[in-house]
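Understanding the architecture of this molecule
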Amino acid sequence: MLFTALFFGLISSLHCIGMCGPIAMMLPVDHKNPTKKALQILTYQLGRITAYGMLGFIFGLLGRGLFVAGFQQRLSIVVGVLMIIIALVPDRVFAQYNFSKPIHKLISNIKSKLGEQFKRKSPDALFTIGFLNGLLPCGMVYAALFGAIAMQNTMLSISYMLLYGLGTIPLMSAVVYATSFITQPFRNKIQKVIPLVTILIGTLFILRGLGLNIDYISPSTMDLFVQANANCHN
């Protein structure tokens, strides 16, 4: 299932451009020195991926606890259903509910810290901008975290989020170089593809949880039981 993370990151990065593109375009990089600029962008991306990896670790611990408790198979089905719901429910419906209200102060602090870092041009500032950027609320990241929870162990959860982050790098880097190379009509077309990809990945997680004895896609219940025992002894 790890391959879905990279593909999902690549597709959802067009959504990221709309949400986080302004942050990337305002990065305090040296536009006169191409080599230095590339290293600065890489530092920013490394910060984002580090944040995703940390989130993968946190949610991986939760997923591992459920796996040891014997809930992992059903969890995979729940995760798949949640991914499909995210894809089918219009953004305006979610916008009616302030899901981030319980952590509104934390989000405000993150945005405040971001503003402070933009005044600096040091490598640690660019890394911090990327790290804080990765912690901002995002529906696509939530969907990726659902996938991370459904992994069999913490390392796989971290890997899932790291691969998701790697998938977002090409377009999130390109937007710094050419803010107009992705036209609005093209973005609108891709926005229609993102829900389909999310539904596909959600369906794969549901099949995985059903244990239909399909190689690589839906291992049997016995295979999952063996994997659980192996992880318990590690």
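A brief report on the enclosed structure follows.

Below, the discussion takes up the overall build of the chain. Tallying secondary structure elements over the chain gives 10 helices and zero strands in all. Start at the N end of the chain and walk to the C end: the helices and strands fall as α-α-α-α-α-α-α-α-α-α. Partitioning the intrachain contacts of the chain with sequence separation of at least 6 by distance along the chain shows that 80% fall at a separation of at least 24. Looking at the chain as shown, the accessible area adds up to about 12400 Å², and 70% of this sits on carbon and sulfur atoms.

Turning to the nonpolar core, a few remarks are in order. Counting 41 residues, the largest nonpolar core has Phe8, Val141, Tyr160, Met161, Tyr164 and Phe205 as the members making the most contacts within it. Those elements giving two or more residues to this core turn out to be helix H1 (2–25), helix H2 (34–68), helix H3 (72–88), helix H6 (123–135), helix H7 (139–149), helix H8 (154–177) and helix H9 (184–210). Per element, the largest residue contribution to this core is seven residues, and it comes from H7. If we ignore the near neighbours within four places in the chain, the residues touching Tyr164 are Ala5, Leu6, Phe8, Gly9, Ser12, Cys16, Tyr52, Met140, Val141 and Ala144.

Before going further, it helps to examine the packing of H7 against H8. In the contact formed by H7 and H8, the axes pass within 8 Å of each other and the chain directions differ by 150°. Of the possible angle classes, the one that applies to H7 and H8 is roughly antiparallel. Handedness of the crossing formed by H7 with H8: right-handed. Taken together, the residues of H8 that come into contact with H7 (itself represented by Met140, Val141, Ala144, Leu145, Gly147 and Ala148) are Ser157, Tyr160, Met161 and Tyr164.

This next bit is on H7. The buried fraction of H7 amounts to eight of the 11 residues, a majority that puts the element mostly inside the structure. Within H7, the full set of buried residues consists of Met140, Val141, Ala143, Ala144, Leu145, Gly147, Ala148 and Ile149.

With that out of the way, let us pick up a nonpolar patch on the surface. On the surface, Met54, Phe57, Ile58 and Leu61 cluster together into a nonpolar patch covering about 350 Å² of accessible area. Of note, Leu61 is situated in helix H2. Note on Leu61: relative accessible area 45%, which makes it partly exposed.

Now for the environment of Lys37. For Lys37, the position within the fold is in helix H2. Here the alpha-carbon distance between Lys37 and Tyr177, two residues 140 residues apart in the chain, equals 9.5 Å. Not counting the four nearest positions on each side in its chain, Lys37 is found in contact with Val29, Asp30, His31, Val176 and Tyr177.

What counts, and where the lines are drawn
Residues numbered from 1 in each chain as written. Predicted model: local features only at pLDDT ≥ 70, side-chain atom pairs only at ≥ 80, totals over all residues. Heavy atoms only, no water. Helix = DSSP H or I, 4+ residues; strand = E, 2+ residues; numbered from the N terminus. Contact = heavy atoms within 4.5 Å. Areas by Shrake-Rupley, 256 points an atom, 1.4 Å probe, with all protein chains shown as cover. Core = buried A, V, L, I, M, F, W, Y, C linked by side-chain atoms within 4.5 Å. Buried < 20%, exposed > 50% of the residue type's maximum accessible area, 1.4 Å probe, protein only. Axes fitted to C-alpha atoms, helices over the stretch in contact; angles between N-to-C directions. Parallel < 35°, antiparallel > 145°, perpendicular 65-115°, else oblique. Left-handed = near helix turned anticlockwise from the far one by under 90°. Patch = residues over 30% accessible without salt bridge, like charges linked within 9 Å, V, L, I, M, F, W, Y side chains within 5 Å. Salt bridge = Lys/Arg side-chain N within 4 Å of Asp/Glu carboxyl O.

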